[in-house]
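Coordinate analysis (summary)
One letter stands for each residue in the lines below.
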Amino acid sequence: MTRVFLFLAWAAAVGAGDRPLVIAHRGASGYLPEHSAAAKAYAYAQGADYLEQDLVLTKDGVPVVVHDIYVDTVTDVAEKFPGRARGDGRYYVLDFTVGEIKQLQVRERFQVGSGAAVYPGRFPSRGFPGAFQVATLEEELQLIQGLNRSTGRDVGIYPEIKQPKWHREQGVDLSAAVLPILARYGYQGKGDRCFLQCFELAEVRRLRRELGWKGRMILLMGGAGKEVDGTDWEELCTLEGLRGLADVVEGIGPPLERVVQWPVEGGGAQLTGLAARAHQVGLAVHPWSVRVDALPKHCPSVEALHAALLGEAGVEGVFTDFTDVTRQWLERAAAVRR
Ligand code: CA
């Protein structure tokens, strides 16, 4: 009964044809190694509206699709290029040419020390070497646009400028390398199927004011007590903070717990009020990330999570490792509405 009510509340909150966006977080990462072409094609086939790309620069200045500035938690780099780690023991994408990066085998995410899988129930990270590779941004755009051509769909892209301040400290400019590629593939205005995303407010402002990005943009937010590049998300989550953001970005990308929490075991969902405040100043809310195998603390089920986010909080989109599960929830909700 509660669920039906939540579906109805959701239906009232969004008009027909205006349903929340399903954003495939690193592709269908619940089923295949994150950011592999296979994971992207699978998420596409499962009905994603947008596919996410995390972007990092190689030594020869090519944006590639990898979640971190490190490449040692998702590939066999330590085996293929022993001795190429920095003093901290980590292998950085920026220390390898794109030719070298393409030699790496992409695996399901594992712990850098022990080699244990981060999500043990997912695609095996050992013993299934497969044929997964790191994609360049251009290769991925070609995959998505090729699928758009062959299917007649219009699935969008959701590129993230990863640690731009760190890149600049290393003497390179990630944003300046990415924008011309996006433009060349037709992503440059607000009407194009693209959301550019970044955690760093200084870079988001720079993208708008210095680099002239005219497309849509989302400021990502970290969890409570975390900070990147001096960006104070607590301050930005206030009504005043959000009002200031609305001049620069179309929306925010907060972690789930900034939108909804389950304070006690067996209790109900409690909205934090962030989504309502963002909506008050016209900002969209795209929280991250739905994981069937890693639900928020005390959250009883993935259905309850979807109902809280897409129903009660009325967010405009959600990052999900499980495109199919999120799509199915939305379809059931739409059926109730009809
Ligand atoms: Ca990301």
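Procedures and definitions
Residues numbered from 1 in each chain as written. Predicted model: local features only at pLDDT ≥ 70, side-chain atom pairs only at ≥ 80, totals over all residues. Heavy atoms only, no water. Buried < 20%, exposed > 50% of the residue type's maximum accessible area, 1.4 Å probe, protein only. Helix = DSSP H or I, 4+ residues; strand = E, 2+ residues; numbered from the N terminus. Contact = heavy atoms within 4.5 Å. Donors = N, O, S within 2.8 Å, 3.2 Å for Na, K, Ca; no water. Salt bridge = Lys/Arg side-chain N within 4 Å of Asp/Glu carboxyl O. Axes fitted to C-alpha atoms, helices over the stretch in contact; angles between N-to-C directions. Parallel < 35°, antiparallel > 145°, perpendicular 65-115°, else oblique. Left-handed = near helix turned anticlockwise from the far one by under 90°. Nonpolar A, V, L, I, M, F, W, Y, C, P; charged D, E, K, R; others polar. 1 Å grid on protein atoms, 1.4 Å probe; cavity = no way out; pocket = protein on both sides within 12 Å on 5 of 7 lines; lining within 4 Å. Points joined across faces, edges and corners; volume = space filled by probe spheres on them.

1. Comments concerning helix α12 (residues 302-312)
Across the 11 residues that make up α12, a large majority, 8, are buried. Taken as a whole, α12 has its buried residues at Val-302, Leu-305, His-306, Ala-307, Ala-308, Leu-309, Leu-310 and Gly-311. Gly-314 lies just past α12 and shows a positive phi near 65°.

2. Here we look at the side chain of Arg-90
Looking at the secondary structure, you find Arg-90 in the loop between α3 (77-80) and α4 (98-101). Not counting chain neighbours up to four residues away, the residues in contact with Arg-90 comprise Tyr-70, Asp-72, Thr-73, Ala-85 and Val-112.

3. Remarks on the coordination of the calcium ion
Ideal geometry at a metal centre gives angles of 109.5 degrees when four donors are arranged tetrahedrally and 90 or 180 degrees when six donors are arranged octahedrally. Coordination of the calcium ion by the protein comes from Glu-52 (OE), Asp-54 (OD) and Glu-160 (OE), over a distance range of 2.1 to 2.2 Å. Motif for the calcium ion, donor spacing along one chain: E-x1-D-x105-E. By the burial criterion, Glu-52 is buried, and Asp-54 matches it.

4. A short note on the pattern of salt bridges
Counted under the stated rule, the structure contains 28 salt bridges. The closest approach of N and O atoms between Arg-26 and Glu-34, which form a salt bridge, is 2.8 Å. Residue Arg-26 is classed as buried on the basis of its relative accessible area of 10%. The buried category is assigned to Glu-34, whose relative accessible area is 9%. Residue Glu-79 pairs with Arg-107 through a salt bridge whose shortest N-O separation is 3.2 Å. With Glu-79 in helix α3 and Arg-107 in the loop between α4 and α5 (137-151), the pair connects residues that are 28 residues apart, well separated along the chain. Looking at Glu-79, the relative accessible area reads 51%, which means it is exposed. Several salt bridges converge on common partners, so that one network encompasses Arg-168, Asp-173, Glu-203, Arg-206 and Glu-210.

5. Concerning the packing of helix α2 (residues 37-45) against α5
Running from N to C, α2 and α5 point in directions that differ by 30°, and their axes come no closer than 11 Å. Taken together, the axis directions place α2 and α5 in an arrangement best described as roughly parallel. Crossing handedness for the pair α2 and α5: right-handed. Note on element contacts: α5 touches α2 through Glu-140, Leu-143, Ile-144, Leu-147, Asn-148 and Thr-151, opposite Ala-37, Lys-40, Ala-41 and Tyr-44. Grouping the amino acids of the contact of α2 with α5 by side-chain chemistry returns 6 nonpolar, 2 polar and 2 charged.

6. Thoughts on the environment of Phe-195
Structurally, Phe-195 is set in strand β5 (residues 195-198). Judged by relative accessible area, Phe-195 falls into the buried class, the value being 6%. Note: C-alpha distance between Phe-195 and Gly-251 (56 residues apart in sequence) is 9.5 Å. Among residues more than four places away in sequence, those in contact with Phe-195 are Leu-21, Tyr-50, Ile-157, Tyr-158, Pro-159, Arg-216, Ile-218 and His-286.

7. Concerning empty space enclosed by the protein
Under the definition given, this model contains 2 cavities of 30 Å³ or more. Considered as a void within the structure, the largest cavity measures approximately 70 Å³ in volume. Taken together, Glu-34, His-35, Ser-36, Val-65, Val-66, His-67, Val-74, Val-106, Gln-133, Val-134 and Ala-135 make up the full set of residues lining the largest cavity. A per-class count over the lining of the largest cavity returns 6 nonpolar, 4 polar and 1 charged. When its volume is computed, the second largest cavity comes out at roughly 50 Å³.

8. Re the packing of α12 against helix α13 (residues 323-337)
At a minimum axis separation of 11 Å, α12 and α13 run at an interaxial angle of 65°. Judged by the sense of rotation from one axis to the other, the crossing of α12 with α13 is right-handed. In this structure, α12 contributes Val-302, Glu-303, His-306, Ala-307, Leu-310 and Gly-311 to the contact, and α13 contributes Val-325, Thr-326, Trp-329, Leu-330 and Arg-332. The class makeup of the residues in the contact of α12 with α13 is 6 nonpolar, 3 polar and 2 charged.

9. Comments concerning unusual backbone geometry
Going from Trp-288 to Ser-289, the amide bond is cis rather than trans, its omega being -20°. With respect to the helices and strands, the residue Ser-289 is situated in the loop between β10 (284-285) and α12. Positive phi, close to 65°, is recorded for His-35, a residue that is not glycine. Following the sequence through the fold, His-35 ends up in the loop between β1 (21-24) and α2. For His-298, which is not glycine, the phi dihedral falls at a positive 65°. Looking at the secondary structure, you find His-298 in the loop between β10 and α12. By relative accessible area, His-298 is classed as partly exposed at 28%.

10. Structural notes on the layout of surface pockets
Computed from the structure, the largest pocket encloses a volume of approximately 740 Å³. Looking at the largest pocket, it is lined by 33 residues, and the ones nearest its centre are Arg-26, His-67, Phe-199, Gly-222 and Trp-288. Broken down by secondary-structure element, the contributors of at least two residues to the lining of the largest pocket are β2 (50-57) and β4 (156-161). Across the lining of the largest pocket, the residue classes break down as 15 nonpolar, 7 polar and 11 charged.

Function-wise, these values are silent; they only describe arrangement.
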